[in-house]
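Spelled out from the first residue to the last, the chains are:
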Amino acid sequence: MSEIKDILAIMRDFAPEDRTEPDFEDNAGLLIGSEKGGAQKVLVCLDCTENVVKEAARKGAGLIISHHPVIFRAVKRVTDEDPTGRVILAAARNGISVYSAHTNLDFCDGGLNDFCAELMGLKNIRPLKTESGVKIGRAGEREKIKLSAFAKELSAKFDDCYVRVVGDDADIETVAVVNGGGGDISLTELARRSGADCYVTADVPHHVMLYARACGFPLVIMQHYTMERIYIKKLVGILAAEAEKRGLRVSFEAAESENCPISGRTYD
């Protein structure tokens, strides 16, 4: 068993808590529980849901590391009538600490942005911009491919059957990417001005789609869950390797109880 504070030191070295997106009110760090005490198992997940807490308790995990913050906005009360309250109460009852690394994990070296770019087959990977030491987004080159074929390729690589395309079937060589919720107008415009042939992200509102189409800038829109969940096993490997280097007696495991909130059902 290892000290929780020593396990969290690995995360803090890899994705420092003060390196979150500058224009975004993030909530990275230890959000439930204590760094005191030990853990012999850590459950790693995208979203710390009630099911994930139950899984952690069942498997004897004393620590959960999630990507999305379990507490994001101000919580005025903690009750079992509120979904967030139920997660907090369940973790507390079972003595489980919960740590979240959000945009700091997106943009750090070897984080989600880099992993997505590599999985897309990009080379010469670089940040879209660097602000306050934070490397926001990524861009890179790949072998020339049609937009439709590129979207189909990403659908297979990310196991995402709901990939959508905005724009004509142009040739794609330079790609910009921000994993997860990168669909706001400022990031889309940043990607466009970078000289990329298309922008890959998730959570794109209708008005941004209209804007991109009017600008003649192709988008490949993926699901937030599929674009980020795929990284969890990679993170497990990173944490396990570093823990072994530091001589920590702890195991890491990807949560099995979380799934995409979209049902996958289609309607005629």
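In this report, we go over the structure that sits alongside the text. (Residues numbered from 1 in each chain as written. Predicted model: local features only at pLDDT ≥ 70, side-chain atom pairs only at ≥ 80, totals over all residues. Heavy atoms only, no water.)

## Focus on the pairing of strand E6 (residues 97-100)
Both faces of E6 are covered, namely the face carrying Ser-97 and Tyr-99 and the face carrying Val-98 and Ser-100. Here strand E5 (residues 63-66) pairs with E6 via four bridges, running parallel. Each bridged residue has a counterpart across the sheet, and for Ile-64 the counterpart in E6 is Val-98. (Buried < 20%, exposed > 50% of the residue type's maximum accessible area, 1.4 Å probe, protein only. Helix = DSSP H or I, 4+ residues; strand = E, 2+ residues; numbered from the N terminus. Pairing = 2+ DSSP bridges.)

## A short note on the sheet that holds strand E11 (residues 164-166)
In spatial order, the strands read E7-E10-E12-E13-E14-E11; together these six strands make up an open sheet with mixed pairing. A strand with exactly one partner marks an edge of an open sheet, and here the two such strands are strand E7 (123-126) and E11. Averaged over neighbouring strand pairs, the angle between their axes works out to 30° when direction is ignored. Where strand E13 (residues 198-202) and strand E14 (residues 219-222) come together, four bridges link them in parallel fashion. Looking at the pairing, Val-200 lines up with Val-220 of E14. Where helix H6 (residues 147-157) meets the sheet, it contacts strand E10 (138-146), E11, strand E12 (171-181), E13 and E14, and its direction lies at approximately 115° from that of E10. (Axes fitted to C-alpha atoms, helices over the stretch in contact; angles between N-to-C directions. Contact = heavy atoms within 4.5 Å.)

## Structural notes on the pattern of salt bridges
For the structure on display, the rule yields 20 salt bridges. One salt bridge in this structure joins Asp-114 and Arg-138, with 2.6 Å as the shortest N-O distance. Residue Asp-114 is located in helix H5 (residues 112-119), and its partner Arg-138 is located in strand E10; the two are separated by 24 residues in the primary sequence. Taken individually, Asp-114 and Arg-138 each receive the classification buried, so the pair is uniform in this respect. Members of the salt-bridge network, linked through shared partners, are Lys-41, Glu-55, Lys-59, Glu-253 and Glu-256. (Salt bridge = Lys/Arg side-chain N within 4 Å of Asp/Glu carboxyl O.)

## What about the sheet that holds E5?
Taken in spatial order, the five strands of this open sheet run E2-E6-E5-E4-E15, and their pairing is mixed. Where the open sheet ends on each side, the last strands, each with one partner, are strand E2 (29-32) and strand E15 (251-254). Neighbour-to-neighbour, the strand axes of this sheet turn through a mean angle of 30°, independent of strand direction. In this fold helix H2 (residues 50-59) packs onto strand E4 (41-45), E5 and E15, with an angle of close to 160° to the strand it touches most, E4.

## A closer look at the environment of Gly-183
Considering the arrangement of structural elements, one finds Gly-183 in the loop between E12 and helix H7 (185-193). Sequence-distant contacts of Gly-183, that is, excluding residues within four places in its chain, are made with Thr-188, Thr-201, Ala-202, Asp-203, Val-204, Pro-205 and Val-208.

## Focus: the packing of aromatic side chains
Counted according to the given criterion, the structure contains two aromatic pairs. Summarising the aromatic geometry, the rings of Phe-24 and Phe-72 are spaced 5.7 Å apart at their centres and angled 40° between planes, so their arrangement reads as tilted. Remark: Phe-72 occurs in the loop between E5 and helix H3 (83-93) and Phe-24 occurs in the loop between helix H1 (4-14) and E2; sequence separation between them is 48 residues. Here the aromatic rings of Phe-115 and Tyr-231 are separated by 5.5 Å at their centres, their planes lie at 65°, and the arrangement is edge-to-face. In this pair, Phe-115 sits in helix H5 while Tyr-231 sits in the loop between helix H9 (224-229) and helix H10 (232-245), placing the two residues 116 residues apart along the sequence. As far as the burial class goes, Phe-115 and Tyr-231 line up, both buried. (Phe/Tyr/Trp six-rings, centres within 6.5 Å; stacked < 30°, edge-to-face > 60°.)

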